Amino acid sequence: MSNTPQIRPVTGARYARIHGVGGYRPVRVIPNAEVLTWIDSSDEWIRTRSGIAERRWAGPEESVAEMSVQAAGKAIAQAGIDPARIGGVIVATVSHLKQTPAIATEIAERLGCGTAPAFDISAACAGFGYGLGLADGLVRGGNAEYVLVIGVERLSDLTDTSDRSTAFIFGDGAGAAIVGPSDTPGIGKVVWGSDGSQKDVISQTQAWDTAFAKEDAVNGAGERLTWPALRMEGQTVFRWAVWEMAKVAQQALDAAGITADQLGAFIPHQANMRITDAMIKALKLPASVPVARDITETGNTSAASIPLAMERMLESGEARSGDLALIIGFGAGLVYAAAVVTLP
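Here's a quick rundown of the structure. (Residues numbered from 1 in each chain as written. Predicted model: local features only at pLDDT ≥ 70, side-chain atom pairs only at ≥ 80, totals over all residues. Heavy atoms only, no water.)

1. Some thoughts on the layout of surface pockets
Where we set the bar: Here a cavity means grid points, on a 1 Å grid over the protein atoms only, where a 1.4 Å probe fits yet cannot get out; a pocket means an open set of points with protein on both sides within 12 Å along at least five of seven lines; lining residues are those with an atom within 4 Å of a point. Grid points are joined across faces, edges and corners, and a volume is the space filled by probe spheres set on the points. Every helix listed is a DSSP run of H or I at least four residues long, and every strand listed is a run of E at least two residues long, numbered separately from the N terminus. Residues are grouped as follows: nonpolar covers Ala, Val, Leu, Ile, Met, Phe, Trp, Tyr, Cys and Pro; charged covers Asp, Glu, Lys and Arg; every other residue, Gly included, is treated as polar.
Of the voids in this model, the largest pocket is the one considered here, and its volume is about 960 Å³. Looking at the largest pocket, it is lined by 45 residues, and the ones nearest its centre are Val94, Ala124, Ile202, Leu230 and Ala332. Contributing elements (two or more residues each) for the lining of the largest pocket: α2 (43–50), β5 (118–121), β9 (202–204), β10 (230–232), α7 (234–256), α8 (273–283) and β12 (324–331). Looking at the lining of the largest pocket element by element, the count peaks at four residues for α7. Tallied by class, the residues present in the lining of the largest pocket amount to 23 nonpolar, 17 polar and five charged.

This is the structure we're talking about:
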């Protein structure tokens, strides 16, 4: 028999679930009429192409950190826990413009989460799903009692208002969820993955080092610099999302042992209303299942879109606490994450 000392086993919760959800929407509303002052288009074209009527853009005081703190405060209050019990803070974002430190550390400190580990993840529009998967593992693995997952974006900072293909799409906001122990399964298997062969179909127009090199080259020459912005091959993304993501959504249902008619809500990433409608058809979702359509008033908020839509459905009564919801996020990378969850 070996005399090698044995590591003490770590025991966590048998199951995990979402205990609370909260959101923050910036004050400033950007209607399609304002977008039409930037690009040659029409309100009908924007609505038909995306389903968007307006979006929210953050003001100078509505930073990534501030929006996150506001959303997280609501989630913590709904969960009814002391922030000191939070054993992990995960922030999904692609629009925090500092490489380091992670914005999660500032958010954890402002919320009173003590010395909780805090880190950012970059998984674009699938970021909230990725964070949920990580939080579920931390709680059930015994590494945290409660985990705060935040999806937050200030995509207005990365929007080229002269680009007719993207200027009307993006919005700002934050959504947060508290994940903690549960007596019954509250988060199904997260079906997640990536397809790096299509990494270029949604991307930043230029890397920061390229932008800085240009700044050096034109310094003092009076030449206008081009700020990095988001670009997208819309048709390629549309086809991928419609055909491939419906399969991923079905895999999440199968993994959870749930059928579409047992759902209390379908909360897809708010990317495009036509994509949502195509997924409903592919999943054969009954008309009785409420579907999140937050994109109409909020636009595409990337990592924030699912928790923001979840909060709105619960507040409006469209979905109820205890209902089962299918969530799915997909975006730049290309990345995706889907799961069935019990609504808080």
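After presenting the structure, the write-up continues.
2. What to know about the pairing of strand β11 (residues 265–268)
Filter applied, for reference: Only protein chains enter the area calculation, which uses a 1.4 Å probe; residues under 20% of their type maximum are buried, those over 50% are exposed, and those in between are partly exposed. Note on pairing: two strands pair once DSSP finds at least 2 bridges between them.
Side chains Ala265 and Ile267 of β11 all project onto a buried face; the interleaved residues Phe266 and Pro268 project onto the opposite face, where all are buried too. Bridge count for β11 against β12 is four bridges, and the pairing is parallel. Looking at the pairing, Ile267 lines up with Ile327 of β12.

3. Regarding the packing of aromatic side chains
Selection rule: Any two of the Phe, Tyr and Trp rings considered here, Trp counted by its six-membered ring, make a pair once their centres fall within 6.5 Å; the pair's planes then place it as stacked at under 30 degrees, edge-to-face at over 60, or tilted in between. Placement of a charge over a ring requires the Lys NZ or Arg CZ to be within 6 Å of the ring centre, with the centre-to-atom vector within 35 degrees of the ring normal.
Going through the model one piece at a time under the given rule, you end up with three aromatic pairs. Look at Trp45 and Phe168: their rings are 5.3 Å apart centre to centre, the planes differ by 75°, and that puts the pair in the edge-to-face class. Taken as a pair, Trp45 in helix α2 and Phe168 in the loop between β6 (146–154) and β7 (172–182) lie far apart in primary sequence, 123 residues in all. Classification of Trp45 by relative accessible area gives partly exposed; the value is 25%. Take Phe168: its relative accessible area is 2%, and that puts it in the buried class. For Arg164, the ring lying beneath its charged end belongs to Trp45, and the centroid distance is 4.2 Å.

4. What about empty space enclosed by the protein?
Overall, the coordinates contain one cavity of 30 Å³ or more when judged by the stated rule. Taken as a whole, the largest cavity holds about 30 Å³ of empty space. Lining the largest cavity are Gly129, Leu132, Val190, Ile327, Ala337, Ala338 and Ala339. Looking at the lining of the largest cavity, the elements that each hand over two or more residues are α5 (127–140) and β13 (335–342). Taken together, the residues that form the lining of the largest cavity break down as six nonpolar, one polar and no charged.

5. Observations regarding the sheet that holds strand β8 (residues 191–194)
So the rule is basically this: An axis is simply a line fitted to the C-alpha atoms; with a helix, the fit covers only the stretch in contact. Between two such axes, the angle follows the N-to-C directions and lies from 0 to 180 degrees. For this analysis, residues touch if any pair of their heavy atoms sits within 4.5 Å.
Taken together, the four strands give an open sheet; going across it, the order is β8-β13-β12-β11, and neighbouring strands pair in mixed fashion. Each of the sheet's edge strands pairs with one partner strand only, and the pair in question is β8 and β11. When the angles between neighbouring strand axes are averaged without regard to direction, this sheet yields 10°. Running at roughly 150° to β11, helix α10 (residues 305–316) makes contact with β11, β12 and β13 of the sheet.

6. Points about the sheet that holds strand β1 (residues 15–24)
Spatial ordering of the open sheet is given by β1-β7-β6-β4-β5, a layout of five strands whose pairing is mixed. Both edges of this open sheet fall to β1 and β5, since each of them pairs with a single strand only. Recorded for the sheet is a direction-independent mean angle of 20° between the axes of neighbouring strands. In this sheet, β7 lies alongside β1 in antiparallel orientation, the contact comprising nine bridges. Of the residues in β7, the one forming a bridge with Tyr24 is Ala174. Against the sheet, α10 makes contact with β1 and β7, and its axis sits at roughly 85° relative to β1, the strand it touches most.

7. Here's the deal with the side chain of Glu153
Assignment of secondary structure puts Glu153 in strand β6. Each residue touching Glu153, except ones within four places of it in the same chain, is listed here: Met67, Ala92, Thr93, Val94, Ser95, Asp172, Gly173, Thr301, Ser302, Ala303 and Ala304.

8. Quick notes on the side chain of Thr301
As a reminder, the rule being used: Whenever two N or O atoms come within 3.5 Å, that pair is a polar contact, provided that in protein one can donate a hydrogen and the other can accept it, and provided that, for residues adjacent in sequence, both atoms are side-chain atoms.
Here Thr301 shows up in the loop between α9 (295–298) and α10. Here Ser305 takes part through its backbone nitrogen, which lies 3.1 Å from a polar atom of the side chain of Thr301. Beyond its immediate sequence surroundings of up to four residues, Thr301 is in contact with Glu153, Leu155, Gly171, Asp172, Gly173 and Leu308.

9. Brief notes about helix α4 (residues 103–111)
Here is the rule: The arc in question is formed by the directions pointing from the helix axis toward the C-beta atoms.
What α4 keeps buried is the set Ile103, Ala104, Ile107, Ala108 and Leu111. The arc enclosing the buried residues of α4, seen along the axis, measures out at 135°, which places them on a common side. Looking at the buried side of α4, the elements it contacts are α3 (64–79), β4 (86–92), β5 and β6. In the segment just after α4, Gly112 is the residue with positive phi, at about 85°.

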